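Overview (structure and organization)
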Amino acid sequence: MHTYTQMLEKKYTTVPSNIRESHNLIMADYSAALDKKVLHKYQDLTQSDDDTVQCMYVWIDGTGEGLRCKTRTLPSEPKTIKEIPMWNYDGSSTYQAEGSNSDMFIVPCAMFRDPFRRGRNKLVLCEVFKYDMRPAETNFRKSCKAVMERAKESQPWFAFEQEYILLAQDSHPLGWPKMGYPGPQGAYYCAVGANKVFGRDIVEAHYRACLYAGIKIAGTNSEGMPAEWEYQIGPLEGIAAGDHLWMARFLMHRIAEDFGVVVTLDPKPVAGDWSGAGGHCNYSTNVMREQGGLKHIEEAIGKLRTRHKEHIKVYDPQDGKDNLKRLMGDRETSLYDEFSSGVADRYASVRIPRQVFKDGRGYLEDRRPSSNCDPYRVTEAVARTTILDDWP
Ligand code: ADP
Ligand code: MN
Ligand code: MN
Ligand code: MN
């Protein structure tokens, strides 16, 4: 027996299959075409006459991949996350609720400085809850946090490599010839030169904005396909890795907006002999980082091997379907159906970096998560499998 609300939820919280982030490309250059010098005239207005600050709430929508945001004025600068009140929004416009019962709640969970409005203004990442305060379908943070709480004695650290592709407004990769294709993969990774990398201004702006905001960004490089880039977030302990990666993604979308460019996290937006985009998860626990840690790394890999299928299911927002396009055992990817591991092996599901092997301690790299993975789902799965030994 289903209750009326259960029936409504089933009907209205399903995201139409044709709705994907990378498809929203209409008129992407319009905001960039506005004169930013005019905006600066207003951004320079002082905020010092009273204590108010602008606080932009950021949350994950019903696609599990898209981000939404809205701003409110707070009477004074919040010093901790607890000082920022919860808020609500219309879930019927985010693939999360139906119109007649549309309110969703957003509960602040991580606060950052706002690199756009600067000063005392804030960005705040939120968790989403339904009208009855149950977590929304795409709120994977709540259960991740509970798992990290239980696993905290092992001090799990995670670092994500976020690969992504820049698209021009016509959904063509930025800088690609309008007819035909650029030369084959090989010249573009960690490259320099106007014929090899496209969109570096966006990368530089994002790097600095992350540092300003207080996001732990570790570095950046251009990637194998022209217009593809990567930044690394972490290492961060527990839930913070997911928090920082989601806010780094928000900054990337927001900055690209200023440039009239679209960021896609689609793991394979262009068919052909390109490696696609991943979200490698580098992972260690306290014992892995200490002397003799290699033994613990290998032990963890053994556990990951036994749960390969379950992990693949939570490593992209389509429960494994997106990674089907990407994990083909070529171009430095592993096979979708088969777990493998190795030292310095970029065709393995899980790689032990050469330096880690030499040192006999350090971390492992799970190469399976897709670029559009939810880091909360990935880190929860890794901690469950390797630390807690429990799978729901
Ligand atoms: P790749 O060679 O796969 O491109 P990257 O240099 O892009 O590797 O990313 C490796 C990431 O691993 C870096 O962000 C780094 O901060 C992170 N890292 C280093 N040590 C640890 C550790 N002990 N636990 C988790 N992550 C770590
Ligand atoms: Mn990398
Ligand atoms: Mn990479
Ligand atoms: Mn990697």
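Treat the numbers as computed from the prediction; the structure is a model and nothing was measured.

**Some words on the site of ligand 1**
Taken together, the neighbourhood of ligand 1 is formed by 16 residues, with Glu-161, Glu-230, Ser-284, Arg-346 and Glu-365 sitting nearest. Glu-365 is positioned such that a nitrogen or oxygen atom in its side chain is 2.9 Å from an oxygen atom of ligand 1. Look at ligand 1: alone it shows 580 Å² of surface, and the protein chains cover 76% of it. For the shell around ligand 1, the elements supplying multiple residues, two or more each, are β6 (157-167), β8 (228-237) and β10 (281-284).

**Description of the domain arrangement of the chain**
Split into domains, the chain comes out as domain 1 (4-139) and domain 2 (148-388). For domain 1 versus domain 2, the separation of C-alpha centres amounts to 25 Å. Each partner contributes residues to the interface: domain 1 has 28 residues there, and domain 2 has 32 residues. Here domain 1 meets domain 2 over a buried area of about 2600 Å², counting both sides, of which 68% is carbon and sulfur. Across the contact surface, domain 1 and domain 2 share four residue pairs in polar contact (both at pLDDT 80 or more). Only α2 (30-33), β1 (53-60), β2 (67-74), β4 (103-113) and β5 (122-129) provide two or more residues apiece to the side of domain 1 that touches domain 2.

**A look at the coordination of the manganese ion (ligand 3)**
Protein coordination at the manganese ion (ligand 3): the donors are Glu-163 (OE), Glu-223 (OE) and Glu-230 (OE), at 2.0 to 2.3 Å from the metal. Between consecutive donor residues of the manganese ion (ligand 3), the sequence gaps follow E-x59-E-x6-E. Separating the manganese ion (ligand 3) from the manganese ion (ligand 2) is a gap of 3.7 Å, bridged by Glu-230, which donates to each. Of this pair, Glu-163 sits in strand β6 while Glu-230 sits in strand β8, and the two are 67 residues apart along the sequence.

**Section: the packing of helix α4 (residues 141-150) against helix α12 (residues 375-388)**
Put simply, α4 and α12 touch, their axes get as near as 9 Å, and they point 30 degrees apart. Considered as vectors, α4 and α12 are oriented roughly parallel to each other. The crossing of α4 and α12 is left-handed. Facing α4, whose interface residues are Arg-141, Ser-143, Cys-144, Val-147, Met-148 and Arg-150, α12 presents Tyr-376, Thr-379, Glu-380, Ala-383, Arg-384 and Leu-388. Broken down by class, the residue content of the contact of α4 with α12 amounts to six nonpolar, two polar and four charged.

**Details of the nonpolar core**
Counting 79 residues, the largest nonpolar core has Tyr-164, Ile-215 and Leu-251 as its most contacted members. Sorting elements by how many residues they give to this core places helix α6 (residues 240-259) first, with eleven residues. Looking at which domains feed residues into this core, each of domain 1 (4-139) and domain 2 (148-388) gives three or more. By size, the runner-up hydrophobic cluster in this structure holds 15 residues, among which are Trp-59, Ile-84, Tyr-89 and Ala-97.

**A look at a nonpolar patch on the surface**
A cluster of nonpolar side chains, namely Val-38, Tyr-42 and Leu-45, defines an oily patch on the protein surface of about 320 Å² accessible area. Looking at the element boundaries, Leu-45 is found in the loop between α3 (36-43) and β1. For Leu-45, a relative accessible area of 57% gives the class exposed.

**Here we look at the coordination of the manganese ion (ligand 4)**
Listed as protein donors to the manganese ion (ligand 4) are Glu-161 (OE), Glu-161 (OE), His-280 (ND1) and Glu-365 (OE); their distances from the metal cover 1.9 to 2.5 Å. In terms of primary sequence, the donors binding the manganese ion (ligand 4) are separated according to E-x118-H-x84-E. In this structure, the manganese ion (ligand 4) lies 3.9 Å away from the manganese ion (ligand 2), the two metals sharing Glu-161 as a donor. Placement of the pair is Glu-161 in strand β6 and Glu-365 in strand β13 (residues 364-366), with a sequence separation of 204 residues. Grouping residues by exposure puts Glu-161 and Glu-365 together as buried.

**Thoughts on α6**
Counted at 1.5 Å a residue, the expected span for α6 with its 20 residues is 28 Å, and the 29 Å between its end C-alpha atoms agrees. Two residues or fewer past α6, Gly-260 is found with a positive phi of approximately 70 degrees.

**A closer look at unusual backbone geometry**
Omega for the bond connecting Gly-234 with Pro-235 falls within 30 degrees of zero, at -5 degrees, which places this linkage in the cis form. Of note in the backbone geometry, Gln-155 takes a positive phi value of approximately 45 degrees without being a glycine. Along the chain, Gln-155 falls in the loop between α4 and β6. Phi at Asp-319 takes a positive value of approximately 55 degrees, unusual for a residue other than glycine. Mapping Asp-319 onto the fold places it in the loop between α9 (308-314) and α10 (321-324). Overall, the relative accessible area of 44% leaves Asp-319 in the partly exposed class.

The rules behind each value
- Residues numbered from 1 in each chain as written.
- Chains lettered and ligands numbered in written order.
- Predicted model: local features only at pLDDT ≥ 70, side-chain atom pairs only at ≥ 80, totals over all residues.
- Heavy atoms only, no water.
- Near = heavy atom within 4 Å.
- Polar contact = N/O pair within 3.5 Å; in protein donor to acceptor, adjacent residues only side chain to side chain.
- Areas by Shrake-Rupley, 256 points an atom, 1.4 Å probe, with all protein chains shown as cover.
- Helix = DSSP H or I, 4+ residues; strand = E, 2+ residues; numbered from the N terminus.
- Domains from an automatic or database assignment.
- Contact = heavy atoms within 4.5 Å.
- Buried area = accessible area lost by both parts, 1.4 Å probe.
- Donors = N, O, S within 2.8 Å, 3.2 Å for Na, K, Ca; no water.
- Axes fitted to C-alpha atoms, helices over the stretch in contact; angles between N-to-C directions.
- Parallel < 35°, antiparallel > 145°, perpendicular 65-115°, else oblique.
- Left-handed = near helix turned anticlockwise from the far one by under 90°.
- Nonpolar A, V, L, I, M, F, W, Y, C, P; charged D, E, K, R; others polar.
- Core = buried A, V, L, I, M, F, W, Y, C linked by side-chain atoms within 4.5 Å.
- Buried < 20%, exposed > 50% of the residue type's maximum accessible area, 1.4 Å probe, protein only.
- Patch = residues over 30% accessible without salt bridge, like charges linked within 9 Å, V, L, I, M, F, W, Y side chains within 5 Å.
- Salt bridge = Lys/Arg side-chain N within 4 Å of Asp/Glu carboxyl O.
- Expected span 1.5 Å × (residues − 1).

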